[in-house]
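In case you want the letters, here they are:
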Amino acid sequence: MNIKGTALASLILGILSILFPVIGLILGVMGVIYGKKVVKNFEADYQYAGIAKGGLICSTIGISLQLLITLSIIFGTLLFWNYT
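Residues numbered from 1 in each chain as written. Predicted model: local features only at pLDDT ≥ 70, side-chain atom pairs only at ≥ 80, totals over all residues. Heavy atoms only, no water.

Undergrad: I would appreciate a short explanation of the side chain of Ser10 in the present structure.
TA: On the secondary structure map, Ser10 appears in helix H1 (residues 3–19). Given a relative accessible area of 0%, Ser10 falls into the buried group. Only 3.5 Å separates the side chain of Ser10 from the backbone nitrogen of Gly35, close enough to count as a polar contact. (Helix = DSSP H or I, 4+ residues; strand = E, 2+ residues; numbered from the N terminus. Buried < 20%, exposed > 50% of the residue type's maximum accessible area, 1.4 Å probe, protein only. Polar contact = N/O pair within 3.5 Å; in protein donor to acceptor, adjacent residues only side chain to side chain.)

Below, the structure is given as structure tokens:
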């Protein structure tokens, strides 16, 4: 496993999960998976663990935002159709 590439992929996917509203949930989950792989091998190569932790944080924020947006759209639509 390429530690450097996996850590960078985690960070990039985490940032993209914040920026793109529709596919951000999928990108965030992929970022968490890649970040966990690097953090798990922390003893093997500690140099890229910080990048992977940043990717985990960005991915978690992206997943949270995507879930919040999705729930607000669902509840907003339900409330709109309920009061019209």
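Undergrad: How do you make sense of a nonpolar patch on the surface when you look at a structure like this?
TA: A cluster of nonpolar side chains, namely Ile15, Ile18, Leu19, Phe20, Val22, Ile23, Ile57, Ile61, Leu65, Leu68, Ile69 and Ile73, defines an oily patch on the protein surface of about 1,100 Å² accessible area. Those elements giving two or more residues to the nonpolar patch turn out to be H1 and helix H3 (49–83). Among the elements that make up the nonpolar patch, the one with the highest residue count is H3 (six residues). For Val22, the location among the structural elements is in the loop between H1 and helix H2 (24–40). Residue Val22 is classed as exposed on the basis of its relative accessible area of 73%. (Patch = residues over 30% accessible without salt bridge, like charges linked within 9 Å, V, L, I, M, F, W, Y side chains within 5 Å. Areas by Shrake-Rupley, 256 points an atom, 1.4 Å probe, with all protein chains shown as cover. Salt bridge = Lys/Arg side-chain N within 4 Å of Asp/Glu carboxyl O.)

Undergrad: Just to check I follow, could you spell out the packing of aromatic side chains for this structure?
TA: The description of two aromatic rings rests on the distance between their centres and on the angle between their planes. Counting across every chain of the model gives one aromatic pair. Residues Phe80 and Trp81 carry aromatic rings whose centres are separated by 5.3 Å and whose planes lie at 75° to one another, so their mutual orientation is edge-to-face. Judged by its relative accessible area of 60%, Trp81 falls in the exposed class. (Phe/Tyr/Trp six-rings, centres within 6.5 Å; stacked < 30°, edge-to-face > 60°.)

Undergrad: Looking at this model, I keep getting lost on the nonpolar core. Mind explaining?
TA: Buried together is how nonpolar side chains tend to be arranged in soluble globular proteins. Among the nonpolar cores identified, the biggest contains five residues, and these are Ile3, Ala7, Val38, Tyr48 and Ala52. Other than its neighbours up to four places away in sequence, Ala7 contacts Val38, Tyr48, Ile51 and Ala52. (Core = buried A, V, L, I, M, F, W, Y, C linked by side-chain atoms within 4.5 Å. Contact = heavy atoms within 4.5 Å.)

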